[in-house]
Amino acid sequence: MARYTGLINKYREYLPVTDKTPVITLNEGNTPLIKADNLARAIGRDDLEIYLKYEGSNPTGSFKDRGMTMAVTKAVEEGSNAIICASTGNTSAAAAAYGAKAGVKCYVLIPDGYIALGKLSQAMMYGAKVIAISGNFDQALDAVKEISTNYPVTLVNSLNPYRIEGQKTGAFEIIEALEDAPDYHFIPVGNAGNITAYWKGYKEWHNLGKCSKLPKMMGIQAEGSAAIVKKQVIKNPQTIATAIRIGNPASWEKAEAARDESKGTIDMVSDEKIIEAYNLLASTEGILAEPASCATVAGIIKLKDTLKQNAKLVCILTGNGLKDPDSAIKYAKSPVEKTTSELKDIVKLLNF
Ligand SMILES: *Cc1c(COP(=O)(O)O)cnc(C)c1O
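Description of the structure in this document. (Residues numbered from 1 in each chain as written. Predicted model: local features only at pLDDT ≥ 70, side-chain atom pairs only at ≥ 80, totals over all residues. Heavy atoms only, no water.)

## Focus on the overall build of the chain
The helix and strand inventory of the chain stands at 15 helices and 10 strands. A compact globule built from 352 residues should have a C-alpha radius of gyration of about 20 Å, and the chain, at 20 Å, falls within 12% of that. Taken along the three principal axes of its C-alpha coordinates, the chain extends 65 × 50 × 50 Å. A buried classification covers 57% of the 352 residues belonging to the chain. The long-range fraction of contacts in the chain, counting pairs at least 24 apart against all pairs at least 6 apart in sequence, stands at 72%. Roughly 15,500 Å² of accessible area belongs to the chain as shown, and the carbon and sulfur atoms make up 52% of that amount. Here the chain holds 41 positive side-chain charges and 39 negative ones, and the gap between their average locations is 2 Å. (Helix = DSSP H or I, 4+ residues; strand = E, 2+ residues; numbered from the N terminus. Rg over C-alpha atoms; globule rule 2.2 N^0.38 Å. Buried < 20%, exposed > 50% of the residue type's maximum accessible area, 1.4 Å probe, protein only. Contact = heavy atoms within 4.5 Å. Areas by Shrake-Rupley, 256 points an atom, 1.4 Å probe, with all protein chains shown as cover. Lys, Arg positive; Asp, Glu negative; His and termini not counted. Charge placed at Lys NZ, Arg CZ, Asp CG, Glu CD.)

Right, here's the structure in full:
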């Protein structure tokens, strides 16, 4: 069997590519689906089968690589030699990496002061031109939309339909791993591209008879930027989960359609609950995911009494926790303790 060479090669018959398409890949996708029995027990629902899809193991550390391999591949196929995006961080890291691999110019606009350190360092190292604007993500997105309409540069935000095509492969991997769709699919919602993509992927394979059912789509927003839940644009969105700090989701209607068609829900969780879930996930399962990803775990905790007995849940952990070391150090329940180099002093701190 051929070794794994990225999601376009693996799923090409379900994607808008031909044999001539110049595939730009970093071998993204094929991420682990990890059974989380400790977490199920810790939240008092050990009847649940919880599976964590660890998207942090993608090449740039987030699910954005799934969409970016497609978007950059198609941009190159169509003759573009520059890409641009607005980003809360992970999109810029992915765009910059795939742009480097493809040998095209990459421009990224970020909200100054609101992106995690790891993400910024990635975009800089991959050689993108990084421009920090004195505004929020929504303003950055408006600017890049305008620029890509008027200048020779391809927009690679999730408004780019090829992003959604690449991201839908996450649903295929889940169906293959579980040999069916789960009962519930928990996912964080920022711009709502990913919930849109997973729903599309599940529906496509359901239509092909590759799964017997469709999951309820359970979208989770952060309370301070919960535009869809509150049914209003949030002018000044706030949350520690910077990847979903978005006040006017680009795929708002599609997220509502996924919710309604699947009879799921879109709910919200507070930053305090996100931090609790962030610590719980890491300390019970050994998985460090960034705060935005942990909104889903907080969502499971919030909604646990509404989930049916013995249900199968998939929870998308969208990004690697190492992206945001500042949050980890600030919110960790186990701080570093200091002492002398004397053995007796060290032993005093070990609670045997
Ligand atoms: C981009 C991102 C999200 C939000 O995804 P949307 O498609 O914008 O809803 C959530 N978590 C992480 C880590 C992200 O990078």
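## Description of the pattern of salt bridges
Inspection of every chain in the model, using the stated rule, returns 19 salt bridges. Taken together, the salt bridges that share partners define one network made up of Lys 53, Glu 55, Arg 66 and Glu 173. (Salt bridge = Lys/Arg side-chain N within 4 Å of Asp/Glu carboxyl O.)

## Notes on the sheet that holds strand β9 (residues 265-269)
Spatial ordering of the open sheet is given by β1-β2-β10-β7-β8-β9, a layout of six strands whose pairing is mixed. In the strand order of this sheet, the two ends are held by β1 (33-35) and β9, each with one partner. In this sheet, adjacent strand axes meet at a mean angle of 25 degrees when their direction is disregarded. Each of β2 (49-54), β7 (184-188), β8 (216-222), β9 and β10 (312-317) touches helix α13 (residues 291-303); the most contacted strand, β10, lies at about 155 degrees to it. (Pairing = 2+ DSSP bridges. Axes fitted to C-alpha atoms, helices over the stretch in contact; angles between N-to-C directions.)

## Structural notes on helix α6 (residues 137-150)
Along an α-helix, a turn takes 3.6 residues, which lines up residues three or four apart on a common side. With 14 residues, α6 should cover 20 Å at 1.5 Å per step; its first-to-last C-alpha distance of 20 Å lies within 8% of that length. Within the span of α6, buried status applies to Phe 137, Asp 138, Ala 140, Leu 141, Val 144 and Ser 148. The buried residues of α6 occupy one face: seen down the axis, they fall within an arc of 155 degrees. Turned more than 90 degrees off the buried face of α6, the exposed positions are Glu 146 and Thr 149. Tucked into the core, α6 has its buried residues touching β3 (82-86), β4 (105-111), β5 (129-133) and β6 (154-155). Of the residues flanking the start of α6, the one acting as N-cap is Asn 136, its side-chain oxygen 3.1 Å from the backbone nitrogen of Asp 138. (Expected span 1.5 Å × (residues − 1). Arc of directions from axis to C-beta. Polar contact = N/O pair within 3.5 Å; in protein donor to acceptor, adjacent residues only side chain to side chain.)

## What to know about the site of the ligand
Within the structure, the ligand sits among 16 residues, and Lys 64, Asn 90, Asn 191, Ala 192 and Thr 318 are positioned closest to it. Take Gly 190: an N or O atom from its main chain is 2.8 Å from an oxygen atom of the ligand. Here Asn 194 contributes a backbone N or O atom positioned 2.8 Å from an oxygen atom of the ligand. The protein chains hide 97% of the 380 Å² of surface that the ligand would expose on its own. (Near = heavy atom within 4 Å.)

## Comments concerning the nonpolar core
Of all hydrophobic cores here, the largest spans 38 residues; its most connected members are Ile 50, Leu 52, Phe 186, Leu 281, Leu 313 and Leu 317. For this core, the leading source of residues is α13, giving seven residues. Beyond its immediate stretch of four places on either side in the chain, Leu 317 contacts Leu 52, Lys 53, Tyr 54, Glu 55, Gly 56, Leu 281, Ile 287, Ala 289, Ser 293, Thr 296 and Val 297. By size, the runner-up hydrophobic cluster in this structure holds 33 residues, among which are Val 189, Trp 199, Trp 205 and Ala 258. (Core = buried A, V, L, I, M, F, W, Y, C linked by side-chain atoms within 4.5 Å.)

## Observations regarding helix α11 (residues 252-262)
Buried residues of α11: Trp 252, Ala 255, Ala 258, Arg 259 and Ser 262, and no others. Seen from one end, α11 has its buried residues packed into an arc of 130 degrees, which puts them on one side. Turned more than 90 degrees from where α11 packs its buried face, Glu 253 and Lys 254 sit exposed. Buried residues along α11 sit against α9 (193-207), β8, α10 (227-230) and β9. A positive backbone phi angle near 55 degrees is found at Lys 263, which sits one or two residues after α11.

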